[in-house]
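Breakdown of the fold
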Amino acid sequence: MTAALETRSPFLRVLDGTPLDPPPLWMMRQAGRYLPEYRAVRAEAGDFLTLCYTPKLAAEVTLQPIRRYGFDAAIIFSDILVVPHALGVGLTFEAGEGPRLTPVTDQAGVAALSDRLDPDKVDPVYEAIASVRATLPAEVALIGFCGAPWTVATYMVAGHGTDDQAPARMLALRDEALFQSLIDRLVEASIVHLAGQVAAGADVVQIFDTWAGVLDPSSFERWCAEPLRRIVAGLKALHPHVRVIAFPKGATLEALERLADTGINAIGLDWSADRQAARRRLSGRVALQGNLDPLRLIAGGAALEDEVARIRDDFSGARHIFNLGHGIRPETPLDHVEKLVEAVRRAR
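Residues numbered from 1 in each chain as written. Predicted model: local features only at pLDDT ≥ 70, side-chain atom pairs only at ≥ 80, totals over all residues. Heavy atoms only, no water.

Some remarks on the sheet that holds strand β8 (residues 287-292)
- Taking strand neighbours across the sheet as the criterion, the 7 strands line up as β1-β4-β5-β6-β7-β8-β9 in an open arrangement whose pairing is parallel. Two strands lie at the open edges of the sheet, namely β1 (73-75) and β9 (320-324), each paired on one side alone. Along the sheet, successive strands turn relative to each other by an average axial angle of 25°, direction set aside.
- The pairing of strand β7 (residues 266-268) with β8 spans 3 bridges and is parallel. Note that in β8 the partner of isoleucine 267 across the bridge is leucine 288.
- Those strands touched by helix α16 (residues 301-314) are β8 and β9, and its axis lies near 165° from that of β8. (Pairing = 2+ DSSP bridges. Helix = DSSP H or I, 4+ residues; strand = E, 2+ residues; numbered from the N terminus. Axes fitted to C-alpha atoms, helices over the stretch in contact; angles between N-to-C directions. Contact = heavy atoms within 4.5 Å.)

Examining the packing of helix α9 (residues 149-158) against helix α11 (residues 176-200)
- Direction vectors running N to C along α9 and α11 enclose 120°, while the axes themselves pass 9 Å from each other. Taken together, the axes of α9 and α11 are oblique relative to one another. Note that α9 runs across α11; the crossing there is right-handed. Between α9, through Pro149, Trp150, Val152, Ala153, Met156 and Val157, and α11, the contact on the second element is made entirely by Phe179, Leu182, Ile183, Leu186, Val187 and Ser190.
- The residue makeup of the contact of α9 with α11, split by class, is 11 nonpolar, 1 polar and no charged. (Parallel < 35°, antiparallel > 145°, perpendicular 65-115°, else oblique. Left-handed = near helix turned anticlockwise from the far one by under 90°. Nonpolar A, V, L, I, M, F, W, Y, C, P; charged D, E, K, R; others polar.)

Brief notes about the packing of helix α10 (residues 166-174) against α11
- One way to put it is that α10 packs onto α11 with a least axis distance of 5 Å and a crossing angle of 120°. Classed by the angle they form, the pair α10 and α11 counts as oblique. Of the residues in α11, those touching α10 at Ala168, Leu171, Ala172 and Arg174 are Glu176, Leu178 and Phe179.
- Looking at side-chain class alone, the contact of α10 with α11 contains 5 nonpolar, no polar and 2 charged residues.

Some remarks on the pairing of strand β2 (residues 91-94)
- In this structure, β2 lies alongside strand β3 (residues 98-101), joined through 4 bridges in antiparallel fashion. Counterpart to phenylalanine 93 in the pairing with β3 is proline 99.

Looking at the UniProt feature "site: Transition state stabilizer" (unreviewed entry) in the protein chain
- Mapped onto the present numbering, the UniProt feature "site: Transition state stabilizer" (unreviewed entry) falls on Asp79.
- Within the secondary structure layout, aspartate 79 lies in the loop between β1 and α6 (82-86).
- Here leucine 81 takes part through its backbone nitrogen, which lies 2.9 Å from a polar atom of the side chain of aspartate 79. (UniProt positions renumbered as here; feature names shortened; annotations may be inferred. Polar contact = N/O pair within 3.5 Å; in protein donor to acceptor, adjacent residues only side chain to side chain.)

Focus: the environment of glutamine 30
- Structurally, the position occupied by glutamine 30 is in the loop between α2 (10-15) and α3 (36-45).
- Exposure remark for glutamine 30: the relative accessible area of 0% places this residue in the buried category.
- Between the alpha carbons of glutamine 30 and proline 65 there is a distance of 6.3 Å; along the sequence they are 35 residues apart.
- In this view, glutamine 30 contacts Leu35, Pro65, Ile66, Phe71, Ala73, Ala74, Ile75 and Ile328; residues no more than four positions away in its chain are not counted.
- One polar contact links the side chain of glutamine 30 to the main-chain amide nitrogen of methionine 27, over a distance of 2.8 Å. (Buried < 20%, exposed > 50% of the residue type's maximum accessible area, 1.4 Å probe, protein only.)

Here's the deal with the nonpolar core
- Counting residues in hydrophobic clusters, the biggest one holds 131 residues, and the most contacted among them are Phe11, Phe71 and Phe179.
- Element by element, the count of residues in this core is highest for α11, at 12 residues.
- Beyond its immediate stretch of four places on either side in the chain, phenylalanine 11 contacts Pro24, Trp26, Asp72, Ala73, Ala141, Ile143, Val204, Ile245, Gln289 and Ile321. (Core = buried A, V, L, I, M, F, W, Y, C linked by side-chain atoms within 4.5 Å.)

Some thoughts on the side chain of threonine 154
- By the secondary structure assignment, threonine 154 is in helix α9.
- The class for threonine 154 is buried, based on a relative accessible area of 0%.
- Within the local environment of threonine 154, its side chain forms a polar contact with the side chain of glutamine 165, the two groups lying 3.2 Å apart.

Side note on helix α14 (residues 275-282)
- Buried within α14 we find Arg275, Ala277, Ala278 and Leu282. Taken end-on, α14 shows its buried residues confined to a sector of 160°, consistent with a single buried face.
- Of the surrounding elements, those touching the buried residues of α14 are α13 (253-259), β7, β8 and α16.
- Taking the backbone nitrogen of glutamine 276 as reference, a side-chain oxygen 3.2 Å away marks aspartate 274 as the first, capping residue of α14. (Arc of directions from axis to C-beta.)

Below, the structure written as structure tokens:
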């Protein structure tokens, strides 16, 4: 990270404390199935994990939305389940069904996790990051990421995604010590993986806690807030200047307030968040990111234009990064993304 990059990148300037109008813009899952060029590379790779673990291809799909739309940040193409895979958990992706993992549900399963991340799984991510950073314009920031321990654990315990994450919630209730040992291992692995991404060239890391919203307040504190606090402290001990964004989907405003004191630089808001309340209670401590409903982007027209204007009004004068409230959906029309970029960057 250089001083020149910090100065030239609108995205980093907001994270470092400067409100900008228009705000910087990127989209979660911006490198993905809505792009025809992505689908071509995906076909070349043959399967999802091959795409993730082939640095040349992962770098290419990371750069595609930057070339097409000129977003202010690129996010490396990878997956939150790289960490458990690198710890020795079996992982496949079934077409139309999502990930399938070897379930980790007892002490033997936790004990079987590797003491170190498999270089064959994580080094390709770092190589792709280095390649992208060497190619990106200096004003475009590069984001690395991982899944939050709670969210990753929900997939590890169930062996797949579920609607309410009941398997992980039940394990945490029935055997707190066992579940804590799993979370502890994921905290340690996440610090190592994020530090590797920063060393390779990532300016920012985002921690995705997709299932934060299913927990009661005390469970949220134990399984989401405290692990995040430990990850941020461990990562910034190694890389003091890295910026960290947390995206705890579905978390209450009270929960977000607890996260604001974990050392992060920004909080991502999903589309259900009350923007004005979040600004009042959080913007003095962290930058805010979000929070356009991905369905509005698909709808286009007035539903899109009006909401973009409302979001910009709600965050006017605050540190804000424009984004979706969740990942872009595959059926999103390309011209609607063009309209979004135009609307966000339009002079007020």
